[in-house]
Amino acid sequence: MNFHILTLFPEMILQGLNTSIIGRAMEKGLISVNAVNIRDYSEDKHKRVDDYPYGGGAGMVIQAEPVYKAYGYLANHIKLSKPEKDQPKKPRVIYVTPQGSIFNQTMAQELSREEDLIFLCGHYEGIDERVLEMVVTDYISIGDYVLTGGELPAMVMIDAISRLIPGVLNNEASSEFESFQDNLLEYPQYTRPENFMGRKVPEVLLSGHHAKIEAWRRQQSILRTFERRPDLLEEANLTEEDREYLTRLIFQKNIDIY
Ligand code: ADE
């Protein structure tokens, strides 16, 4: 997977992603991160890329031209990097904006199947609408709050997508059994010591009885989702047994309330 980021702060992206698991994935050649500075495509002698908004109002707006040129360079670079005979479709261009659809695990999974992804990061009051209409394919937000720029959201998405690419996580299984798989939160985890300041590891985990451990973990996932993210349960893939357990939880909660 090749990530390309159109940004005014390329060093922020490169520094943010070159450590730990994602840094190692880059070293192993499983992913690449190419940060393109929009400012390099400014024709202005002071390399300015922003101007006042038409119609007035606070803040500055990033101009269409440097963004369009940076995109054009990048699209051409991607095209030239592939053999003539198997030219891929045009890469998706994600504009990271609080006005987009909210990013989630299903979107991460879908995006992880692309070969190239372009992220466009805004700053200030945003980017001239015309260039967005011309190049953007997806508008994505990372949540209902406003950040100072698109770089952190782009890094969040790149991290979530990268860990789904085969070979990025050491343990293949660990990206499967985790939070949001089946729309359930992950069960609690414990490691040594068995007793930490009087708090003991649940007995069943020491039993070596795999079926019992599985069953306990499943119930813990349901309990945790019920307590912390009940909204997820509507879409969860529950068996008959899971549903019985959930019904008991709901019943118990009602007893606790009254
Ligand atoms: N830019 C500023 N805030 C953002 C958010 N919440 N998500 C994506 N891009 C943003």
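Keep in mind that this is a model prediction, so the values were computed, not measured.

Asker: Describe the nonpolar core, listing the residues and the values that go with them.
Answerer: By size, the foremost hydrophobic cluster in this structure holds 29 residues, and its most contacted members are F3, I5, I31, F103, L117, F119 and I161. Of all the secondary structure elements, the ones that give two or more residues to this core are strand 1 (2–7), helix 1 (10–17), helix 2 (20–27), strand 2 (32–37), strand 5 (92–102), helix 4 (105–111), strand 6 (116–121) and helix 6 (151–162). If one sorts the elements of this core by residue count, helix 6 sits on top with six residues. If we skip the residues at most four places from it in the chain, F103 touches A108, L111, I140, S141, I142, M157, A160 and I161. Formed by 21 residues, the second largest nonpolar core is a distinct cluster that contains L6, V36, I38 and V135.

Asker: So what's going on with the site of the ligand? Residues and values would help.
Answerer: Around the ligand lies a shell formed by V96, T97, P98, I140, S141, I142, G143, Y145, V146, L147, G149 and P153. T97 places a polar main-chain atom, nitrogen or oxygen, 3.2 Å from a nitrogen atom of the ligand. In this structure, a nitrogen atom belonging to the ligand sits 2.7 Å away from a main-chain N or O atom of Y145. Considering the ligand on its own, with 260 Å² of exposed area, one finds that the protein chains cover 96% of that surface. Listed by contribution, the elements that provide at least two residues to the shell around the ligand are strand 5 and strand 7 (138–141).

Asker: Could you give an account of the sheet that holds strand 6, with specific residues and numbers?
Answerer: The pairing of strands in a sheet comes from backbone hydrogen bonds and takes either a parallel or an antiparallel form. Overall, parallel pairing links the five strands, which are arranged 2-1-6-5-7 in an open sheet. The open sheet terminates on both sides in strands that have one partner only, identified here as strand 2 and strand 7. For this sheet the average axis-to-axis angle between neighbouring strands, irrespective of direction, equals 35°. Across five bridges, the pairing between strand 1 and strand 6 is parallel. The residue bridging N2 from the neighbouring strand is D116, located in strand 6. Where helix 6 meets the sheet, its contacts fall on strand 1, strand 5, strand 6 and strand 7, and the angle it forms with strand 6 comes to roughly 160°.

About the cut-offs
Residues numbered from 1 in each chain as written. Predicted model: local features only at pLDDT ≥ 70, side-chain atom pairs only at ≥ 80, totals over all residues. Heavy atoms only, no water. Core = buried A, V, L, I, M, F, W, Y, C linked by side-chain atoms within 4.5 Å. Buried < 20%, exposed > 50% of the residue type's maximum accessible area, 1.4 Å probe, protein only. Helix = DSSP H or I, 4+ residues; strand = E, 2+ residues; numbered from the N terminus. Contact = heavy atoms within 4.5 Å. Near = heavy atom within 4 Å. Polar contact = N/O pair within 3.5 Å; in protein donor to acceptor, adjacent residues only side chain to side chain. Areas by Shrake-Rupley, 256 points an atom, 1.4 Å probe, with all protein chains shown as cover. Pairing = 2+ DSSP bridges. Axes fitted to C-alpha atoms, helices over the stretch in contact; angles between N-to-C directions.

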